[in-house]
Amino acid sequence: MKKKNTSTYVLISLLIVQGAICTLLVLNCLSNMYNDKWRNYGENEQKTHKLYIKDISNDKQEQIRSLLLEEVDREHAFIFKKLSLDQGESIRGMKMGVYGDVNSMPEFDFLGRDIVNKKSVDKLLKSEKDETTLGVLNGSANSIGNIPLFNFGNNFVIEKLKQTTKETLNGQYYISGLDTAKFDTLVNDLAKATNQNRNNFLISKRQEIETAPLKDMFIIGFVIGSVILNAVANMILYLLRMKDEGKYILMGWSRKSFFAMCYQEIINAAFILIPIVAIALFVFSGWNNSSISFISYCILAGLLNVILMFIELIPVALTCFSVKPINAIHGRVPKKMLYISMSIIYLIAVGMLQGSCWYVDGLKKSIDENSKVLSRWEKVSDYNVLYDLSQGDDQESFANNSNKLSMDVLDWYKSMEDKKGVYIINTSEYSSSVIQGWKDYKSYKNIPDKPFWYFYYSPNYAKKEIPDLDPKLLDEARNGVRVYLLPDTLSKKEKIKVEKWLKEDTESNISDDDIKTSFERNKEYKFVYYKPKKKFFTWGTKSKEKIETDSPYILLTTSENINSVECDNLRAETLENTMIKLENTKLADKYTDIKYLKKYHLDDNKIKFIAVREYINGIQKSLRTSICWFGVVIGILSVIVTGNLLAIAVLYKKTNIKKNSIKKFLGYSNLQMHGKISAVVIVAVIIEILIAKLLQCRIGMLMTTLLGIVQLVVLKVYLSKNAVESIITEFKEN
């Protein structure tokens, strides 16, 4: 009786795992439906026209942009552009740039929920900041509203069209609220302005090829693997009770009654799991909406588990209703067929595991890089950066007609300069393309040959990053000398070019009416060369930017050695541009207190700092979701592989019980009795490791080795369990 209960508990456990897989399956289906909804937004709407802008040269782009947006404004239309979000493996989805009259925008709902409502979009378009978004891209700092998302699904963001077209105007647009005649006129105007055929704006030559995402294939594989594993486990339960069936039939029981006795608890458990699976999907989906449509899908996940359970019982039922009582009493089963079937199932599961590991290994570089990025960012996540500085009474300064605001900000910074936790940190990358542009346009007389990073470090932050820095250099910087720390890996020729470029670049931003700092009066420079020993954090936010560099050009920056442009930049906002950084929120609250700001005429400017983490929490969430997802993939496949091996072990033990009982009675060791099946598993694991090595899959080698050890332990423990009791039982029955 104990055996029966244990077997039933195992089957119910497998049913729970299958319920989790059904939850993933329905969640993934909902996510795919949601993706399609975004992809098709605006496709079949009345009064929504597609416009294809391509082959527009850089010098024409501003003219075309103005022509397009003026028409949208004049006709109170609404225009949007959709772009794929695919930044490595960290963030996938879509961003949509919008502009125009929100009353003309198409409706957008999913599962009875408004996805993009007009009020939110109107708020976005009226916001002062160009970087404002609905939804979260890299971080929530610029987000003014949420967009519903599914966990493990794609990310979706709405931003201003100005941001979407910042790199290029070319692309596909949707214009809503414009009648056909007005749209034709717009197309003709665009064709005339660009000297292109009007059909170029109406026909896309782009071919989109859609392939099934690997995630979908994995989940389908999970379902198939789970069905096979549960079917095999149910068959094993039947084989364990097979002798009982013969006895019960001879006692007058019907096969139906015996089948119900064996599997009624499992069938009941499947129905009990319906609300549990539904609640699990509701909670873990991340959708946070209780519409009837969504709840129906949640219940569907539970019903799907029940349907799969009945499918898994079909082979058992066919065997149970067809076996002869005498064969059942003697436990006669077709060994070879069962062994072959189980081995094929095992090999399929192993192949799926190897494929998963190989794919994850291919992503390992991206995951490692992103983990490194997050590790570096998390060290500064509590730092606060300037997020907003309103114009207040300084309209003239915002119109570049006065430097009063810059002077006030400079005085404000001077008051806290060199205080603990108050830093100037700013970084810029000058790539090969930037340097080539300088050469093409002859921007400077002296131009460096190699790409580089340019850092602004206040003396206290420089001391923190470079502990052995000469204190005299810090004092000189405070007295107005432009002290540069340059890598000594530069050649003599390159050193001369870099020094001349630094001087030329600095002095090109000085004019007679600028704020006079000590440097602008004396124009003193000092160049100090250091040996690159450590990696410096670049504060890079773009996907293609390096997160570390060992040879930046560092300016020890103080309020006395900056030029006028750098002085203006003290009031720059957002993570990429800001120069002033405070070590924590407490300092930010202290130095932005209204009474403190009033001393420097900044009380009307509403200076606001926010923590760096607000800019990077989107990346953090996306990366953690990716890692979690692939962990789930490998975890489920490992359970399926181990479960199949255990099923083979049960089958082997059951079908060889007489032979093994006699061998045990005669004194055979476990190795002598079970050596063949153990050898088969060892050989299989070695072949798997060799395949993983051939594919250069490190994760595959690691997982195969660990799983191989687990499988051998499971095999040994199960096959040697209750060996003596099995001998006694077998001799009693015979």
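Report on the accompanying structure. (Residues numbered from 1 in each chain as written. Predicted model: local features only at pLDDT ≥ 70, side-chain atom pairs only at ≥ 80, totals over all residues. Heavy atoms only, no water.)

**Quick look at the pattern of salt bridges**
To keep it simple, the criterion reads: Think of a salt bridge as a Lys or Arg side-chain nitrogen and an Asp or Glu carboxyl oxygen that are within 4 Å of each other. Here a strand is any run of E in DSSP of at least two residues, a helix any run of H or I of at least four, and the numbering for each starts at the N terminus. Residue burial is assigned from relative accessible area. The probe radius is 1.4 Å, only protein chains are included, and a residue is buried under 20% of its type maximum, exposed over 50%, and partly exposed in between.
One pass over the structure, following the stated rule, counts 23 salt bridges. One salt bridge connects Asp408 with Lys404, and the closest N-O pair in it is separated by 3.1 Å. In this pair, Asp408 and Lys404 are both assigned in helix 13 (residues 404–416), four residues apart and thus about one turn of the helix distant. Given the relative accessible area of 6%, Asp408 is considered buried. According to the relative accessible area criterion, Lys404 is partly exposed, its value standing at 40%. Of the charged contacts, one joins Lys464 and Glu583 as a salt bridge, the two residues approaching to 2.9 Å between their closest N and O atoms. Within this pair, whereas Lys464 is found in helix 15 (residues 459–465), its partner Glu583 is found in the loop between strand 17 (580–582) and helix 20 (585–591), the two being separated by 119 residues in sequence. The class for Lys464 is partly exposed, based on a relative accessible area of 42%. On the basis of relative accessible area, Glu583 is assigned to the partly exposed category, the value being 21%. The network of salt bridges with common partners includes Asp418, Asp475 and Arg478.

**Looking at the environment of Pro315**
The residue Pro315 is located in helix 9 (residues 292–322) in this model. By relative accessible area, which is 36% here, Pro315 ends up partly exposed.

**So, helix 14 (residues 432–441)**
So the rule is basically this: The arc in question is the one spanned by the directions pointing from the helix axis to the C-beta atoms. Throughout, a residue-residue contact means that at least one pair of heavy atoms, one from each residue, lies within 4.5 Å.
Listed as buried for helix 14 are Ile435, Gly437 and Trp438. Around the axis of helix 14, the buried residues are gathered within 155° of arc, so they sit on the same side. In helix 14, the exposed residues that point more than 90 degrees away from the buried face are Ser433 and Asp440. Where helix 14 is buried, its residues contact strand 10 (422–430), strand 11 (452–457) and helix 17 (492–507). A positive phi of about 50° marks Lys442, the residue just after helix 14.

**Looking at helix 2 (residues 58–74)**
Operational definition: Multiply 1.5 Å by the residue count of a helix minus one, and that product is the helix's expected span.
Here helix 2 contains 17 residues, and its C-alpha end-to-end distance of 25 Å stays within 8% of the 24 Å for a straight helix at 1.5 Å per residue. Here helix 2 has its buried residues at Gln61, Ile64, Arg65, Leu67, Leu68, Leu69, Glu71 and Val72.

**Some points on unusual backbone geometry**
In the Ramachandran plot, Leu111 falls in the positive-phi region, its phi being about 50° despite a non-glycine side chain. Mapped onto the elements, Leu111 comes out in the loop between strand 4 (109–110) and strand 5 (113–114). Classification of Leu111 by relative accessible area gives buried; the value is 10%. One non-glycine residue, Lys523, lies in the positive phi region at around 50°. On the secondary structure map, Lys523 appears in the loop between helix 18 (518–522) and strand 13 (525–530).

**Structural notes on the sheet that holds strand 11**
The line we're drawing: By the convention used here, strands pair only if DSSP detects at least 2 bridges between them. Note on geometry: axes are lines fitted to C-alpha atoms, helical ones only across the stretch in contact, with angles between N-to-C directions running from 0 to 180 degrees.
Pairing within the open sheet is mixed, and its eight strands lie in the order 13-12-16-11-10-17-9-18. Strand pairing shows two members of the sheet lacking a second neighbour, strand 13 and strand 18 (608–611), which therefore form its edges. When the angles between neighbouring strand axes are averaged without regard to direction, this sheet yields 35°.

**Overview of the nonpolar core**
Test applied: Buried Ala, Val, Leu, Ile, Met, Phe, Trp, Tyr and Cys residues that are joined via side-chain atoms within 4.5 Å together make up what is termed a nonpolar core.
In this structure, Tyr34, Trp38, Ile115, Phe150, Ile158, Tyr238 and Tyr263 are the most contacted members of the largest nonpolar core, which totals 59 residues. For this core, the elements supplying multiple residues, two or more each, are helix 1 (2–39), strand 2 (78–87), strand 3 (91–100), helix 3 (118–126), strand 7 (155–160), helix 6 (214–240), helix 8 (255–284) and helix 9. Those residues in contact with Tyr263 that sit more than four places away from it in its chain are Asn234, Leu237, Tyr238, Leu313 and Val316. Formed by 45 residues, the second largest nonpolar core is a distinct cluster that contains Val409, Tyr444, Ile562 and Ile607.

**A few points about the packing of aromatic side chains**
The following threshold applies: Aromatic pairs are defined between Phe, Tyr and Trp rings, using the six-membered ring for Trp, whenever the two ring centres lie within 6.5 Å; interplanar angles under 30 degrees are classed as stacked, those over 60 as edge-to-face, and all others as tilted.
Counting across every chain of the model gives 49 aromatic pairs. Summarising the aromatic geometry, the rings of Phe110 and Trp287 are spaced 5.8 Å apart at their centres and angled 85° between planes, so their arrangement reads as edge-to-face. In this pair, Phe110 sits in strand 4 while Trp287 sits in the loop between helix 8 and helix 9, placing the two residues 177 residues apart along the sequence. A single burial state applies to Phe110 and to Trp287, both of which are buried. Ring geometry for Phe259 against Tyr263: centres 5.0 Å apart, planes inclined by 40°, an arrangement best described as tilted. Within this pair, Phe259 and its partner Tyr263 are both found in helix 8, separated by four residues, close to a single helical turn. Judged on exposure class, the residue Phe259 and its partner Tyr263 are both buried. Members of the aromatic cluster, connected to one another through ring pairs, are Tyr430, Trp438, Tyr444, Phe452, Tyr454, Tyr456, Tyr484, Trp501, Phe519, Tyr525, Phe527 and Tyr553.

Keep in mind these values describe shape, not function.
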